[in-house]
Amino acid sequence: MNLVLLGAPGAGKGTQAAVIKQKTGMYILSTGNLLREAVKAGTELGNRVKGLLDSGSLVPDELVIQLVDEKLKSSECANGVIFDGFPRTVKQAEKLDELTKIDKVLVFDVPDDAIVERMSLRRTCPDCQSTYHLKVLPTKIEGICDKCGGKLYTRSDDEPAVVRHRLDVYHEQTEPIINYYRASGRVVTVDGTQAPDKVSEDTLSAVEAVL
Ligand code: AMP
């Protein structure tokens, strides 16, 4: 089984991807994480995309499609994949349907104003990429990742001005994908404004329906 998680930046895709992984053992394929790793490692790809990531604009379709195509060939993906942050354009969604079968698309619905507030309180682990929220999902020890002990940081693209640009990009380029998937009856909407436990419960029942 393969799942796509859709929703604005900060809608909870990463958090819920981890919940689904824990339950099913599926592999999380996050293009954002792969791109950030490339930037950190200073690879040719990383140097090419750094400015786009910092400004919150999308990386060209061809580059991310190639990244996903390569990753899908690895054995890690054999037990199913949770796509987080991919696809982000209709072209990527069409290409993904050529590369593999997508069984279900979970759309996490959160209004823009709530996203901007949420992102200013989001903290990320640079080592395992887990995300936390200072109020709603705090770590046990302040500033330290519960999972791996990494020292949390605020992503530069989580600053309010960049978040607003990322939301514009989401509405213009990514939201049309929902209708693309709706046409083939694959969409389940989850109310992402609920408490994290309730969002996880709704997410897992949507996933269990296709298991
Ligand atoms: P994310 O961690 O998913 O919020 O992604 C962070 C940034 O990586 C985005 O703002 C884009 O610059 C880039 N990115 C991640 N995934 C994609 C994608 N599927 N297509 C284009 N750009 C992407």
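That block above? That's the structure.
Each residue is numbered by its place in its chain's sequence as written, counting from 1. pLDDT decides what is reported in this predicted model: residues at 70 or higher carry local features, side-chain atom pairs at 80 or more are listed and counted, and totals for whole chains, interfaces and linings draw on all residues regardless. Only hydrogens and water are set aside; all other atoms, that is, all heavy atoms of the structure, feed into the side-chain values.

## Points about the overall build of the chain
Moving on, step 1. Summing up its helical and strand segments, the chain has 9 helices and 7 strands in all.
Moving on, step 2. Throughout, radius of gyration means the C-alpha value; the globule benchmark is 2.2 Å times the number of residues raised to the power 0.38. Relative to the compact-globule value of 17 Å for 211 residues, the chain shows a C-alpha radius of gyration of 16 Å, a close match.
Moving on, step 3. Dimensions of the chain, computed from the C-alpha atoms along their principal axes, are close to 40 × 40 × 35 Å.
Moving on, step 4. By residue count, 46% of the 211 residues in the chain fall in the buried class.
Moving on, step 5. Taking as baseline every contact in the chain between residues at least 6 positions apart, the subset at least 24 positions apart corresponds to 69%.
Moving on, step 6. Summing over all exposed atoms, the chain offers an accessible surface of approximately 10,600 Å²; the carbon and sulfur share of this is 51%.
Moving on, step 7. Positive residues here are Lys and Arg, negative ones are Asp and Glu, while His and the chain termini are left out of the count. All charge positions are set by atom: Lys at NZ, Arg at CZ, Asp at CG, Glu at CD. When the 27 basic and 31 acidic side-chain charges of the chain are each reduced to a single mean position, those positions are 3 Å apart. Runs of H or I in DSSP of at least four residues are treated as helices and runs of E of at least two as strands, each being numbered from the N terminus. Any residue under 20% of the maximum accessible area for its type is buried, any over 50% is exposed, and the rest in between are partly exposed; the area is computed with a 1.4 Å probe on protein chains only. In what follows, residue pairs with any heavy atoms lying within 4.5 Å of each other are defined as contacts. Using a 1.4 Å probe, the Shrake-Rupley method yields the accessible areas, and only the shown protein chains count as cover for residues.

## A word on the side chain of Asn 2
Moving on, step 1. Position of Asn 2 relative to the elements: it lies in strand 1 (residues 2-7).
Moving on, step 2. Here a polar contact is taken to be a pair of N or O atoms separated by no more than 3.5 Å, where protein atoms must pair a possible hydrogen donor with a possible acceptor and residues adjacent in sequence count only if both atoms sit in side chains. Within polar-contact distance, the side chain of Asn 2 engages the backbone nitrogen of Val 81 at 2.9 Å.
Moving on, step 3. Within the structure, Asn 2 has its side chain in polar contact with the side chain of Thr 100 (distance 3.1 Å).
Moving on, step 4. Residues in contact with Asn 2, not counting those within four places in the same chain, are Met 26, Gly 80, Val 81, Phe 83, Thr 100, Lys 101, Ile 102, Asp 103 and Lys 104.

## Comments concerning the site of the ligand
Moving on, step 1. Taken together, 17 residues lie around the ligand, and Thr 31, Arg 36, Ser 57, Arg 88 and Arg 166 are the ones closest in.
Moving on, step 2. Note that an oxygen atom of the ligand is positioned 2.9 Å from one of the side-chain N or O atoms of Arg 36.
Moving on, step 3. One of the backbone nitrogen or oxygen atoms of Ser 57 is found 2.6 Å away from an oxygen atom of the ligand.
Moving on, step 4. A total of 480 Å² of accessible area belongs to the ligand in isolation, and the protein chains cover 96% of it. A single heavy atom is enough: if one lies within 4 Å of a molecule or strand, its residue is considered near that molecule or strand.

## Some thoughts on the layout of surface pockets
Moving on, step 1. Here the term cavity refers to a set of points on a 1 Å grid, laid over the protein atoms alone, in which a 1.4 Å probe fits but cannot get out; the term pocket refers to an open set having protein on both sides within 12 Å along at least five of seven lines, with lining residues being those that place an atom within 4 Å of a point. Grid points are joined across faces, edges and corners, and a volume is the space filled by probe spheres set on the points. In this structure, the second largest pocket encloses a volume near 270 Å³.
Moving on, step 2. In this structure, the second largest pocket is lined by 13 residues; those nearest its centre are Arg 36, Val 39, Leu 53, Asp 54 and Tyr 153.
Moving on, step 3. Those elements giving two or more residues to the lining of the second largest pocket turn out to be helix 2 (31-41) and helix 3 (44-55).
Moving on, step 4. Ranked by residues supplied to the lining of the second largest pocket, first place goes to helix 2 with 4 residues.

## What about helix 6 (residues 112-120)?
Moving on, step 1. Along helix 6, the positions that sit buried rather than exposed are Ile 115, Val 116 and Met 119. Seen along its axis, helix 6 keeps its buried residues to an arc of 100°; they face one direction.
Moving on, step 2. Tucked inside the fold, the buried residues of helix 6 contact strand 5 (122-124) and helix 7 (160-174). Here the arc refers to the directions that run from the helix axis out to each C-beta atom.

## Focus on the nonpolar core
Moving on, step 1. With 49 residues, the main nonpolar core has Phe 83 and Tyr 181 as its most contacted residues.
Moving on, step 2. Counting residues per element, this core draws most heavily on helix 4 (residues 61-72), at 5 residues. Nonpolar cores are built from buried Ala, Val, Leu, Ile, Met, Phe, Trp, Tyr and Cys residues. Side-chain atoms within 4.5 Å join them into one set.

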